[in-house]
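Spelled out from the first residue to the last, the chains are:
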Amino acid sequence: MPLYMRLGDHSPRHNSVYRTGMPAIRLIISRSSGEVTIRGDTFPFPENCLIVTDNEARISANSHLDSVLLQDFFASELQQLHPEIIELLEADTQTVFNKEAVRLVRTERDVTEVLASLSRLAPASFLHFAYVYCLSLDRTYFSALLRSCIAGNKDFCKFIEENALQQWSVAELANQFEMPLRKFNQLFQETYGKPAKRWILEHRMSHAKKLLLTTTMRVLDIALECGFSNHAHFTDSFRRHFQCNPKQFRQQALGKPIDVSP
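Values in this document were obtained by computation on a predicted structure and should not be read as measured data. Position numbers for residues count from 1 along each chain, tracking the sequence in the order it is written. Only residues with pLDDT of at least 70 are given local features in this predicted model, and only at 80 or more are side-chain atom pairs given and counted; all residues enter the totals for whole chains, interfaces and linings. The side-chain values count all of the structure's non-hydrogen atoms but skip hydrogen atoms and water molecules.

Observations regarding the packing of aromatic side chains
Stated formally: Centres within 6.5 Å make a pair out of two Phe, Tyr or Trp rings, where for Trp the six-membered ring is used; the pair is then stacked when the planes are under 30 degrees apart, edge-to-face when over 60, and tilted otherwise. The buried label goes to any residue with under 20% of its type's maximum accessible area, the exposed label to any with over 50%, and the partly exposed label to all in between, with areas taken from a 1.4 Å probe on protein chains only. Whether a charge lies above a ring is judged from NZ of Lys or CZ of Arg, which has to be within 6 Å of the ring centre and within 35 degrees of the ring normal.
Per the stated rule, a full pass over the model turns up 19 aromatic pairs. Measuring from centroid to centroid gives 6.5 Å for Phe177 and Phe184, while their planes differ by 65°, and the two rings are edge-to-face. By relative accessible area, Phe177 is classed as buried at 0%. The exposure class of Phe184 is buried, given its relative accessible area of 0%. Taken together, the ring pairs connect Phe156, Phe159, Phe177, Phe184, Phe188, Tyr192 and Trp199 into an aromatic cluster. Residue placement shows Arg103 over the ring face of Tyr141; its charged tip is 4.2 Å from the ring centre.

This is how it looks when you write it as structure tokens:
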């Protein structure tokens, strides 16, 4: 089981600056022209383009909605992207960054189709491909945009990634992070795009699934590794999530006859 990593003895973390109210980056792919509205302003866009904005943006009703795809990416996902593309980023000049409400990136038709396919099949790959493409066209702006989106909450993301498999409730996570529960839940929602309880359960289920497929660990040991206090709670949660119990899931993955006993 992973060990809780304290960041050192210092004043409570909630006295530090953690950025709340940060919108997600919204990437919109459009095959046809239209308009996007954000905070009362309307921006026209051409056909075959990638629109980089935030999750307050809306496609106008007079646009061809059937030719538009969008994905939102929150700070946690952008934190994961950063080390993957860090060598492509322009050096940080520490200058003031003026973020545009809407940034239009023209795309060739074949690029538009690749983006559309990735957005449906593999959101993480879509983000990577789209961002590298944007950097190739305007390295200065998109380097600064990424840095501005991940600034301030690195310690929070590191804490969650290191401790999401602990046998802790959301309230205990907030307590260990030394932040009031209400503020913790708000920061979590804005950083991960989901309520803390839901994200943590999905994270634990994903890890359990991986261990069932790639190891010979006992189900009880997997339950403890994934932050569950007992076999019964883990099995019940797994069944609700995957419509079968852990033993049946492993048997099915290995092509063995499924034991339907409780």
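What about the sheet that holds strand β2 (residues 34-38)?
Applicable threshold: When DSSP locates at least two bridges between a pair of strands, those strands are taken to pair. Helix and strand assignments come from DSSP, with helices taken as H or I runs of at least 4 residues and strands as E runs of at least 2, each series counted from the N terminus.
In space, the 3 strands of this open sheet follow the order β3-β2-β5, with antiparallel pairing throughout. The sheet is open, and its two borders are formed by β3 (41-45) and β5 (58-59), each paired with just one other strand. Summarising the sheet, β2 and β3 pair through 5 bridges and their orientation is antiparallel. Each bridged residue has a counterpart across the sheet, and for Ile38 the counterpart in β3 is Asp41.

Looking at the sheet that holds strand β6 (residues 68-73)
Here is the rule we go by: Axis definition: a line fitted to C-alpha atoms, over the contacting stretch in the case of helices. Angles run 0 to 180 degrees between N-to-C directions. Any two residues whose heavy atoms approach within 4.5 Å are treated as being in contact.
Spatially, the 4 strands line up as an open sheet ordered β6-β1-β4-β7, and their pairing is antiparallel. Two strands in the sheet have a free side with no partner beyond their single neighbour: β6 and β7 (103-106). The sheet shows a mean angle of 20° between the axes of neighbouring strands, direction not considered. Taken together, the 6 bridges between strand β1 (residues 25-30) and strand β4 (residues 49-54) define a ladder with antiparallel strand orientation. Paired with Ile29 across the two strands is Leu50, which belongs to β4. Sitting on the sheet, helix α4 (residues 139-150) is in contact with β1, β4 and β7, with an inclination near 135° to β7.

Some points on helix α7 (residues 181-192)
Rule in force here: A helix is expected to reach a length of 1.5 Å times the quantity of its residues less one. Here the arc refers to the set of directions running from the helix axis out to each C-beta atom.
Taking 1.5 Å per residue as the helical rise, α7 with its 12 residues ought to reach 16 Å, and the 16 Å between its terminal C-alpha atoms agrees with that figure. Buried within α7 are the following residues: Phe184, Leu187, Phe188, Thr191 and Tyr192. Along the axis of α7, the buried positions cluster into a sector of 105°, meaning they face one direction only. In this structure, the buried side of α7 is in contact with α1 (75-85), α5 (154-163), α6 (170-176) and α8 (196-214). Directly beyond the C-terminal end of α7, a positive phi value near 75° is found at Gly193.

Quick look at the environment of Thr42
Selection criterion: Identification of polar contacts relies on pairs of N or O atoms within 3.5 Å, with a donor-acceptor requirement for protein atoms, meaning one able to donate a hydrogen and the other able to accept it, and with residues adjacent in sequence counted only if both atoms are side-chain atoms.
One can find Thr42 in strand β3. When the C-alpha atoms of Thr42 and Arg58 are compared, they prove to be 9.4 Å apart, with 16 residues separating the residues in sequence. The residues touching Thr42, leaving out its near neighbours within four places in the chain, are Glu35, Val36, Thr37 and Ser60. Looking at Thr42, its side chain comes within polar contact range of the side chain of Thr37, at 3.3 Å.

Describing the packing of helix α2 (residues 109-121) against helix α3 (residues 123-137)
Selection criterion: Reported orientations rely on four angle classes, namely roughly parallel under 35 degrees, roughly antiparallel over 145, roughly perpendicular from 65 to 115, and oblique for the rest. Lys, Arg, Asp and Glu make up the charged group, whereas Ala, Val, Leu, Ile, Met, Phe, Trp, Tyr, Cys and Pro make up the nonpolar group; the residues left over, Gly among them, are polar.
Contact pair α2 / α3: the axes reach a minimum separation of 6 Å and the direction vectors enclose 150°. The angle between α2 and α3 places the two elements in the roughly antiparallel class. Touching Val111, Val114, Leu115, Leu118, Ser119 and Leu121 of α2 are Pro123, Ser125, Phe126, Phe129, Ala130 and Tyr133, all from α3. When the residues that make up the contact of α2 with α3 are grouped by side-chain class, the tally is 10 nonpolar, 2 polar and no charged.

Some remarks on the nonpolar core
Put simply, the rule reads: For the purposes of this section, nonpolar cores are sets of buried Ala, Val, Leu, Ile, Met, Phe, Trp, Tyr and Cys residues that join through side-chain atoms within 4.5 Å.
Core analysis: the biggest nonpolar cluster contains 26 residues, and Leu27, Val52, Leu78, Tyr131 and Phe142 have the highest contact counts within it. Going through the elements one at a time, β1, β4, α1, α2, α3 and α4 are the ones with two or more residues in this core. With 7 residues, the single largest contributor to this core is α3. Sequence-distant contacts of Tyr131, that is, excluding residues within four places in its chain, are made with Ile25, Leu81, Ile85, Phe142, Leu145 and Leu146.

Remarks on unusual backbone geometry
The phi torsion at Asn48 lies on the positive side, around 50°, for a residue other than glycine. The topology assignment puts Asn48 in the loop between β3 and β4. Owing to a relative accessible area of 14%, Asn48 belongs among the buried residues under this scheme. The residue Gln243 is not glycine, and still its phi comes out positive at about 60°. Here Gln243 shows up in the loop between α10 (231-242) and α11 (246-253).

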